[in-house]
Amino acid sequence: MDSNNTKEEVTNGGEYLLLIEFVHRHLGFHDAELESILEMSGIKVGVDCHFKPLPNDEANSQFVRPFRILTFPWSAIGSKFSVSTDEEETGKKKIDLVSSLARCTLIRSVVELWGAGSSIDHCVKVIQDGNYQKRHQLGKHLGDAATKYEDRTFKITIHTLGSTYTREEQNNMRSQFSFLNFPGHVQMKNPNDEYLFIREVELDDRGGAIYPRHSGENREIIPENDARPPLGCYFGRVLGVGRNWRGSGRLEQYSLKKRAYLGPTSMDSELSLIMTNLAQVKKGSVAFDPFVGTGSILLTAALRGAYVFGTDIDLRVLRGRSETENIVSNFSQYGLPPPELVRSDNAIYHRHFRKHLPLFDSIVTDPPYGIRAGARKSGSRKEGEVRPILDEHRHDHIAQTRPYVVSDVMSDLLNVAAMTLRLGGRLCYVIPSMQDFNEIEDLPRHECLRLVSVCYQPLQTELGRRTVTMEKVMEYEESKRDEYVKNTWVNGPESADKVANIREKLIEAAKKKPDYEEKAAIRKQKRKATKQAKQKAKREAREAKVEDNSQN
């Protein structure tokens, strides 16, 4: 065959495969976050790329598998898409797959996949029958400034999920790929190319092996488990910043533990980062949180580069504890400009702001649903009672509030989103649910909003929460407001009741467990002891202050 024809075939034909490896956390969020990031980057699944089945995909669908394979046309790599970290390449008008996927909170690594199979021998055969190494030699996808193939340093890393193998056993695995005969030198630190071999086994929800290779105590090999074939074997070249995209401390720097101002309902940093991806919050967009609380979600949206706006009915939460412990101080901690904060009631949003003015690109929020903090809205518990506020008290007046039924919280939230989101804008919110929750019938709906994804996160045996993403697909009609609100719940009160009184339902479920009364008594004693200790500390502090003043 003519060498020019061979080169053209290698350069233009076939597929370009990426292996996406996720961290073993928030398992129900993997696909939704990935697809949202691809769409936000202008990559259409089913058009620009496709998902390819994993090895043994059909036979082992019951196991949680933290991998996905994406396939792109090889002809589009270097023209429409780039995988090069070279500044000259990323400066061109191409979609940079590396930087796009790097935004995914739950991605651990991305591998340019050379071979995948149900065993290491099968994986090796796929590589031998393919042209992945020839493509790498030609270097079309590496950019003009890349180091020549014969001078590229490399190393081969072995990754065995949920199992431990000796160095000798790992070297035997490496030797299976000796036929590649890379011309460059081995370099363990910062090589030009890091090649990765992954041996996948069945994992439980926590990431541990369902059939462990070693016993728990004496670490002896369990023969029947050791003889089990892998779920899949993968080999390829690691893209981006290396083996662990999340990096050492990259997410930990945003941990709630490091923030000066927190509350009992502050959203953890990892989930709020995922939510901003689901809502497609990006630089220059406008993000809104109508139940801002201590601002944990709003801060994450600001980290994405968005202009952020938040409201809450509780003025004390918005003000914070002191000048150094408030929402603004948290933003200052990360070098972010202060957010726009307004005390308002989402139940009467239309009385605070212009009713029908699409302002926001995204609404990301964790509504109050009465487990740690109950929802409140404007008004008095005593119907018809209105007490005038004297002018001298208005500057620090805390308005009266009354309980806000969770079903109304959700219907008002969706209605405000339909009013204020631009077309194509996204709402992402969290909703609690017990075991009897049916996503098809019990999720709140709105005619102007399309359901994009629902991600489930179990919290307890009886309780979980769903992160729901919706997209505005139709303009809001003010004349249909009552109809919108009426149709929020598919089955009316029956559906609305599924998200109401969650705290009471949890207590009822707990009472059915053995030793409930005994455990409740112990918790009561602990709370009493804690309260007494705080009172004693305050009393001693006052006495010490009085003594200091008397001495001075």
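To be clear, the structure that these remarks concern was listed above.
So, here's what we can say about the structure. (Residues numbered from 1 in each chain as written. Predicted model: local features only at pLDDT ≥ 70, side-chain atom pairs only at ≥ 80, totals over all residues. Heavy atoms only, no water.)

## Let's talk about the overall build of the protein
The following threshold applies: Only DSSP runs of H or I covering at least 4 residues are called helices, and only runs of E covering at least 2 are called strands; the numbering of each starts at the N terminus. Whether two residues are in contact is decided by their heavy atoms, any of which lying within 4.5 Å being enough. Note on areas: Shrake-Rupley with a 1.4 Å probe; residue coverage comes only from the protein chains shown. Charged residues are defined here as Lys and Arg on the positive side and Asp and Glu on the negative side; His and the ends of the chain fall outside this count. All charge positions are set by atom: Lys at NZ, Arg at CZ, Asp at CG, Glu at CD.
Counting its regular elements, the protein contains 19 helices and 18 strands. Looking at the protein alone, contacts between residues at least 24 apart form 74% of all its contacts between residues at least 6 apart. For the protein, the accessible surface area stands at approximately 29300 Å², while carbon and sulfur atoms represent 48% of it. A gap of 5 Å separates the mean positions of the 81 positive and 77 negative side-chain charges of the protein.

## So, helix 5 (residues 120–129)
The test is simple: Buried, partly exposed and exposed residues are distinguished by accessible area as a fraction of the type maximum, computed with a 1.4 Å probe on protein chains only: under 20%, between the cut-offs, and over 50%, respectively. By definition, the arc is the one covered by directions from the helix axis to the C-beta atoms.
Along helix 5, the residues classified as buried are C123, V124 and I127. Burial along helix 5 is one-sided: seen end-on, the buried residues are contained in an arc of 100 degrees. Relative to its buried face, helix 5 has exposed residues pointing more than 90 degrees away, namely D121 and D129. Structurally, helix 5 contributes buried residues whose contacts are with strand 6 (107–117) and strand 9 (232–238).

## Brief notes about the pattern of salt bridges
This is how the line gets drawn: Throughout this description, the term salt bridge denotes a Lys or Arg side-chain nitrogen within 4 Å of a carboxyl oxygen of Asp or Glu.
Counted by the stated rule, this structure contains 22 salt bridges. Here R213 and E169 are joined by a salt bridge, their closest N and O atoms 2.8 Å apart. Note that R213 is positioned in the loop between strand 8 (193–200) and helix 8 (223–226) and E169 in helix 7 (residues 167–175), a separation of 44 residues in sequence. A residue is classified by how much of its surface remains accessible, and R213, at 6% relative accessible area, is buried. Residue E439 is joined to R466 by a salt bridge in which the shortest nitrogen-to-oxygen separation is 2.9 Å. Taken together, the residues E439 in helix 15 (residues 439–442) and R466 in strand 18 (residues 463–472) connect sequence positions 27 residues apart. Assessed through its relative accessible area of 10%, R466 is described here as buried. Each of E112, R152, D193 and R237 takes part in salt bridges that share partners, so that together they form one network.

## What to know about the sheet that holds strand 6
Strand pairs in the sheet, formed through backbone hydrogen bonds, run parallel or antiparallel to each other. To keep it simple, the criterion reads: Here, any two strands with at least 2 DSSP bridges between them count as paired. Between N-to-C directions, angles span 0 to 180 degrees; the directions come from axes that are lines fitted to C-alpha atoms, helices contributing only their stretch in contact.
Spatial strand order, 2-3-1-6-9-8-7: seven strands in an open sheet with mixed pairing. The sheet is open, and its two borders are formed by strand 2 (50–52) and strand 7 (154–160), each paired with just one other strand. The sheet shows a mean angle of 35 degrees between the axes of neighbouring strands, direction not considered. Here strand 8 pairs with strand 9 via six bridges, running antiparallel. Counted as the bridge partner of I198 is Y234 from strand 9.

## What to know about the packing of aromatic side chains
Applicable threshold: Pairing of aromatic rings covers Phe, Tyr and Trp, the last through its six-membered ring, and needs centres within 6.5 Å; plane angles under 30 degrees mean stacked, over 60 mean edge-to-face, and all others mean tilted. Criterion for a charge above a ring: Lys NZ or Arg CZ within 6 Å of the ring centre, and within 35 degrees of the ring normal.
Tallied over the entire structure, the rule returns 20 aromatic pairs. Summarising the aromatic geometry, the rings of F154 and F182 are spaced 5.0 Å apart at their centres and angled 55 degrees between planes, so their arrangement reads as tilted. Of this pair, F154 sits in strand 7 while F182 sits in the loop between helix 7 and strand 8, and the two are 28 residues apart along the sequence. Residue F154 is classed as buried on the basis of its relative accessible area of 11%. Owing to a relative accessible area of 12%, F182 belongs among the buried residues under this scheme. Among the aromatic side chains, those forming a connected cluster through ring pairs are W114, F154, F177, F182, Y195, F197 and F235. Over the face of the ring belonging to W74 we find K140, whose NZ or CZ atom lies 4.8 Å from the ring centre.

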